[in-house]
Amino acid sequence: MKTAIRLIAAAVIVVLLSLMLGPVLEIEQTARVSDKLAHVAAFFLIAGCIEVLIWRGTVLLSCLMALVIGGLVELIQGGTGRDASWGDFLADFIGVSVAFVVMKTLKPRLDRIMRPGPDLSGTRP
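As the structure is a computational prediction, the values presented were derived from the model and not from experiment. (Residues numbered from 1 in each chain as written. Predicted model: local features only at pLDDT ≥ 70, side-chain atom pairs only at ≥ 80, totals over all residues. Heavy atoms only, no water.)

**So, helix H3 (residues 35–53)**
Note the threshold: Secondary structure counts use DSSP, requiring at least four H or I residues in a row for a helix and at least two E residues in a row for a strand, with both numbered from the N terminus. In a helix, the anticipated span is given by 1.5 Å times the number of residues less one. N or O atoms within 3.5 Å of each other form a polar contact, as long as, within protein, one can give a hydrogen and the other can take it, and as long as residues adjacent in sequence are counted only when both atoms are side-chain atoms.
In this model H3 runs 27 Å from its N-terminal to its C-terminal C-alpha over 19 residues, within 8% of the 27 Å that 1.5 Å per residue would give. For H3, the N-terminal capping position is held by Ser34, with its side-chain oxygen 3.1 Å away from the main-chain nitrogen of Lys36.

The following block contains the structure:
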């Protein structure tokens, strides 16, 4: 189960980064969702997924890694025909900050699920 959770987390990061770094899609232009709200949600998810992938790290490390990714995305977007903006990076920061608070609150409970140990899911290799 832990492996499946980590694979899903990695897939979420790949999909979100592909959407942010790829060409502008028609749905992005016609969506009634604020671009900034999309950044908040995306980086909330990215920070959480990084935490799942490096569970033995700290929540702060996961959030700092997500912010670095946010900064790199903005730098790269400037060369892909998209607009790089400080506003987007601020939205990334807000999403990561919310993720930090949520993860710090939930981490003790989630540690019991994700702690290293035998996989008791009932499946055999």
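**Details of the packing of helix H1 (residues 2–21) against H3**
Angle between the axes and distance between the axes are the two parameters that describe a pair of packed helices. Rules: As a rule, the C-alpha atoms of each element are fitted with a line to give its axis, helices using only the stretch in contact, and angles between N-to-C directions run from 0 to 180 degrees. Two helices cross in a left-handed way if the nearer one is turned anticlockwise from the farther one by less than a right angle. They cross in a right-handed way if the turn is clockwise. Note on contacts: a residue pair qualifies if any of its non-hydrogen atoms lie within 4.5 Å across the two residues. All amino acids are sorted into three groups, where Ala, Val, Leu, Ile, Met, Phe, Trp, Tyr, Cys and Pro are nonpolar, Asp, Glu, Lys and Arg are charged, and the leftover types, Gly among them, are polar.
For the pair H1 and H3, interaxial distance at closest approach is 9 Å and the crossing angle is 145°. Note on packing geometry: the crossing formed by H1 with H3 is left-handed. Of the residues in H3, those touching H1 at Ile5, Arg6, Ala9, Ala10, Val12, Ile13, Leu16, Leu17 and Met20 are Ala42, Phe43, Leu45, Ile46, Cys49, Ile50, Val52 and Leu53. For the contact of H1 with H3, a count of residues per class yields 16 nonpolar, no polar and one charged.

**Thoughts on the packing of aromatic side chains**
As a reminder, the rule being used: Aromatic rings from Phe, Tyr and Trp, taking only the six-membered ring of Trp, are treated as a pair when their centres fall within 6.5 Å; an angle between ring planes under 30 degrees marks them as stacked, one over 60 as edge-to-face, and anything in between as tilted. For the exposure calls, accessible area comes from a 1.4 Å probe over protein chains only, and a residue counts as buried if that area is under 20% of its type's maximum, exposed if over 50%, partly exposed in between.
This model, assessed by the stated rule, comprises one aromatic pair. Ring centres of Trp86 and Phe89 lie 6.4 Å apart, and the angle between their planes is 85°; on these two criteria the pair is classed as edge-to-face. Note that Trp86 and Phe89 are positioned in helix H5 (residues 86–114) at a spacing of three residues, about one turn of the helix. Judged by relative accessible area, which is 24%, Phe89 ranks as partly exposed.

**Brief notes about the pattern of salt bridges**
Stated formally: A pair is scored as a salt bridge if a Lys or Arg side-chain nitrogen falls within 4 Å of a carboxyl oxygen belonging to Asp or Glu.
Per the counting criterion, the structure on display carries three salt bridges. Linking Lys36 and Asp35 is a salt bridge whose minimum nitrogen-to-oxygen distance equals 3.2 Å. Connected via shared salt-bridge partners are Asp35, Lys36 and Asp88.

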